[in-house]
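Letter by letter, the chains look like this.
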Amino acid sequence: MKTYRVAIVGAGPAGYFTAQALNNSCDNERNFLIDMFDRLPTPWGLVRSGVAPDHPKIRTVTKVFEKIAAEPNYRYFGNVELGRDVHISDLEKLYDVVVLATGTSLGKKLGIPGENLPGVISAADFVPWYNGHPDYVDVNPSLTGKYALVIGAGNVAMDCGRMLALVSHELSSTDIADHALEVFHNSSMRDVTIVGRRGPEHAAFTSPELRELPKLDQTDVFIDSQQITEAIARVGNRMESEKDLRSNLEAMREIAHAEHRGNERRLSLAFLLTPLEILGDGKVEQVRFSVNKVIDDKVIATDESIELLCDLLISAIGYEGLEIPGVSNERGRIANNDGKVREGVYVVGWAKRGPSGVIGTNKSDSSEVVKKIIAELPATPKGAVDISGSLSGEKVVTHDGWSAINAAELSAGEAVGRPRRKVVSWSELLSLGGAKAT
Ligand SMILES: Cc1cc2nc3c(=O)[nH]c(=O)nc-3n(C[C@H](O)[C@H](O)[C@H](O)COP(=O)(O)OP(=O)(O)OC[C@H]3O[C@@H](n4cnc5c(N)ncnc54)[C@H](O)[C@@H]3O)c2cc1C
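Since the model is a prediction, treat every value here as computed from it, not as a measurement.

On to the overall build of the protein, then. Counting its secondary structure elements, the protein contains 15 helices and 19 strands. In terms of overall dimensions, the protein is globule-like: its C-alpha atoms have a radius of gyration of 23 Å, near the 22 Å expected for 438 residues. If one aligns the C-alpha atoms of the protein with their principal axes, the spans along those axes are about 65 × 50 × 35 Å. Across the 438 residues of the protein, 45% fall into the buried class. A fraction of 75% describes how many contacts in the protein between residues 6 or more apart in sequence connect residues 24 or more apart.

Shown next, in the form of structure tokens:
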């Protein structure tokens, strides 16, 4: 029996699905010892810090992750950042295989004048703020105005728009961070518009997210029915052959024709507008957009422009990966060839593909990379020394440490009828997790 040591860096879905695929490929001849590292004391990546709190079912995938973590061949090293606490060359010496699953956490910039005005923030800051990521507690967006614009036409933009448009009591039974619940509770935002540069037919929303909008009790949802009629005419026969496109456009058509309840809160979806300039005196007040049209499936700016009122602007136009010392970054992800970075080093998930795909997409993607890893395993495992010796034990949040954090959060939640109350300060996380900040 050959035992290979594998380091997986990043405890998000891609990291766990890699561990699962490795376990599934154990046989009489080989097995794996898996060490999973994360820069946070807490695992689960964007399932904890990205998925919207009003979508608790999506978070149930963590049961799968906890099952993998309970296997005897698995160890968790939380509060260990690749590039800060350990260099990739250290891992390459100690492990037969290193898998990078570090995601893409940096928000893409709009690159237009006015982007630095107060009141302009990225979804990459707003989302982890409301989800209680310890690095984003101080983002503290001002929700004191009436008008919010969310730039982007994907599910992240949809999450941001929906969160702003909900009434706070719709969030009070979720695991939203306490600090965010209070800000949402005092929010005066009443008019939220999600703005896409391209047409309805190009939007990257998925239809379940669109179909839940008319079910919002306290918020009226608007889409210009003419924009949908024109989009349906433009796609023509593709309505029949492309199932996802049809489902999306039908969901948008239903929203466009739905009766409104006269709610004070409004959530609108607008298309064919490119932000040109953010205007304001000391803070964002308006955004100027070019009005676009679609010709032969291409989006073209017209001479027309419009200005929309705005007290808060959230850009949700995609993510890029942070640079990691020792590996090259290419177009916002780790440079790779179908998941291979170099001999013995692989990449999976958003760090490999860029920020696209739902949680499940990472499962098939990780399985493909694991097939490659298995085919390229060295004939003889390194049999190198254990990393525990070179990492200060006081620094690491182990799986038991995480379990203590998890238990504390769950019981604090149970006491107030919520699924969990997240611990959001580094010092408390480390102390609960039995580690020291070093
Ligand atoms: C706002 C938002 C909402 C979403 N909602 C949904 C949804 O409702 N349903 C759905 O199916 N999908 C959703 N997704 C998509 C889903 O979250 C991703 O497909 C998935 O999380 C990507 O997995 P990953 O493991 O590649 O990256 P991540 O989940 O980002 O995990 C990366 C991990 O690496 C760690 N890390 C980063 N750098 C380092 C380092 N240098 N050293 C050590 N650790 C490091 C991070 O702390 C993190 O834990 C959403 C995504 C976003 C952004």
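Neighbouring the ligand are 35 residues, the closest being Gly-10, Gly-12, Gly-45, Gly-103 and Gly-349. Taken together, the residues of the shell around the ligand break down into 18 nonpolar, 13 polar and four charged.

This paragraph deals with the sheet that holds strand E11 (residues 273–279). Reading across from one edge, E11-E12-E13 is the order of the three strands in this open sheet, with antiparallel pairing throughout. Strands with a single pairing partner mark the edges of an open sheet, and in this sheet they are E11 and strand E13 (298–309). Strand-to-strand twist in this sheet, taken as the mean axis angle between neighbours without regard to direction, amounts to 20 degrees.

The subject of this paragraph is the pairing of strand E9 (residues 219–223). What you see with E9 is a clean split: Thr-219, Val-221 and Ile-223 sit on the buried side and Asp-220 and Phe-222 on the side with no burial. For E9 and strand E10 (residues 265–270), the ladder comprises five bridges, and the chain directions are parallel. Bridge pairing in E10 places Asp-220 opposite Arg-266.

With that settled, the discussion passes to the pairing of strand E7 (residues 147–151). The two faces of the sheet receive side chains in turn, since in a regular strand these alternate between them. Of all five residues in E7, five are buried, a share of seventy percent or more. Alternating residues of E7 divide into Tyr-147, Leu-149 and Ile-151 and Ala-148 and Val-150, and every residue in both groups is buried. Two elements, E7 and strand E8 (residues 191–195), share five bridges in a ladder whose sense is parallel. Following the sheet pairing, Val-150 is matched in E8 by Ile-194. Strand direction decides the pairing type here: E7 and strand E14 (residues 312–315), joined by four bridges, are parallel. Each residue of the ladder has a partner; that of Ala-148, found in E14, is Leu-312.

Turning next to the sheet that holds E7. Strand order across the open sheet formed by six strands is E6-E14-E7-E8-E10-E9, with parallel pairing between neighbours. Only two strands of the sheet have a single partner each, and these edge strands are strand E6 (120–122) and E9. In this sheet, adjacent strand axes meet at a mean angle of 20 degrees when their direction is disregarded. Most of the contacts of helix H5 (residues 123–130) go to E6, to which it runs at about 75 degrees, and overall it touches E6 and E14. Contacting E7, E8, E9, E10 and E14, helix H6 (residues 155–165) crosses the sheet at an angle of about 175 degrees to E8.

Counting buried positions along H5 yields seven of eight residues, so the element is predominantly enclosed. Phi turns positive one or two residues past the end of H5, at Gly-132, with a value near 75 degrees.

The next subject is the packing of H5 against H6. Their axes nearest at 11 Å, the elements H5 and H6 cross at an angle of 55 degrees. Taken together, the axes of H5 and H6 lie oblique to each other. Considering only the axes of H5 and H6, their crossing is left-handed. For the pair formed by H5 and H6, the contact residues are Ala-123, Phe-126, Val-127 and Tyr-130 on the first element and Val-156, Ala-157, Asp-159, Cys-160 and Met-163 on the second. Classifying every residue of the contact of H5 with H6 gives eight nonpolar, no polar and one charged.

Right, let's talk about the nonpolar core for a bit. Residues Val-6, Leu-100, Val-150, Cys-160, Leu-313 and Ile-314 are the most contacted members of the largest nonpolar core, which totals 119 residues. Ranked by residues supplied to this core, first place goes to H6 with seven residues. Formed jointly, this core draws a minimum of three residues from each of two domains, domain 1 (2–105 + 320–432) and domain 2 (109–317). Not counting residues up to four positions away in its chain, the partners in contact with Leu-100 are Val-9, Gly-10, Val-327, Ile-334, Val-341, Val-347 and Ala-351.

Here the focus is the environment of Lys-371. Along the chain, the position of Lys-371 falls in helix H13 (residues 361–375). When the C-alpha atoms of Lys-371 and Ser-25 are compared, they prove to be 8.7 Å apart, with 346 residues separating the residues in sequence.

A separate point is the packing of helix H9 (residues 225–235) against helix H11 (residues 243–257). H11 packs onto H9 with a crossing angle of 155 degrees between their chain directions and a minimal axis gap of 9 Å. By the angle between their directions, the pair H9 and H11 is classed as roughly antiparallel. Here H9 and H11 pass one another in a crossing that is left-handed. Facing Ser-225, Ile-228, Ala-231, Ile-232 and Val-235 of H9, the residues of H11 in contact are Leu-245, Leu-249, Met-252, Arg-253, Ala-256 and His-257. When the residues that make up the contact of H9 with H11 are grouped by side-chain class, the tally is eight nonpolar, two polar and one charged.

What you tend to see is this: most non-glycine residues have negative phi, and most peptide bonds are trans. Unusually for a residue other than glycine, Arg-331 sits at a positive phi of about 50 degrees. Of note, Arg-331 is situated in the loop between strand E16 (329–330) and strand E17 (333–334). Notably, Asp-338 is not glycine yet its phi reads approximately 50 degrees, a positive angle. Along the polypeptide, Asp-338 turns up in the loop between E17 and strand E18 (340–342).

Of the positions making up helix H7 (residues 178–185), those classed as buried are Ala-180, Leu-181 and Phe-184. Looking down the long axis of H7, one finds its buried residues gathered within 105 degrees of arc, a one-sided arrangement. If you follow the buried residues of H7, they end up packed against H5.

Positionally, Ala-231 belongs in helix H9. Taking the number of C-beta atoms within 10 Å as the measure of exposure, Ala-231 has 24 and is therefore buried. For Ala-231 and Asp-125, which are 106 residues apart along the polypeptide, the C-alpha to C-alpha distance reads 32 Å. Among residues more than four places away in sequence, those in contact with Ala-231 are Gly-199, Pro-200, Glu-201 and Leu-249.

Rules used in this analysis
- Residues numbered from 1 in each chain as written.
- Predicted model: local features only at pLDDT ≥ 70, side-chain atom pairs only at ≥ 80, totals over all residues.
- Helix = DSSP H or I, 4+ residues; strand = E, 2+ residues; numbered from the N terminus.
- Rg over C-alpha atoms; globule rule 2.2 N^0.38 Å.
- Buried ≥ 20, exposed ≤ 12 C-beta atoms within 10 Å, placed from the backbone.
- Contact = placed C-beta atoms within 7 Å.
- Near = placed C-beta within 6 Å.
- Nonpolar A, V, L, I, M, F, W, Y, C, P; charged D, E, K, R; others polar.
- Pairing = 2+ DSSP bridges.
- Axes fitted to C-alpha atoms, helices over the stretch in contact; angles between N-to-C directions.
- Parallel < 35°, antiparallel > 145°, perpendicular 65-115°, else oblique.
- Left-handed = near helix turned anticlockwise from the far one by under 90°.
- Core = buried A, V, L, I, M, F, W, Y, C linked by C-beta atoms within 7 Å.
- Domains from an automatic or database assignment.
- Arc of directions from axis to C-beta.

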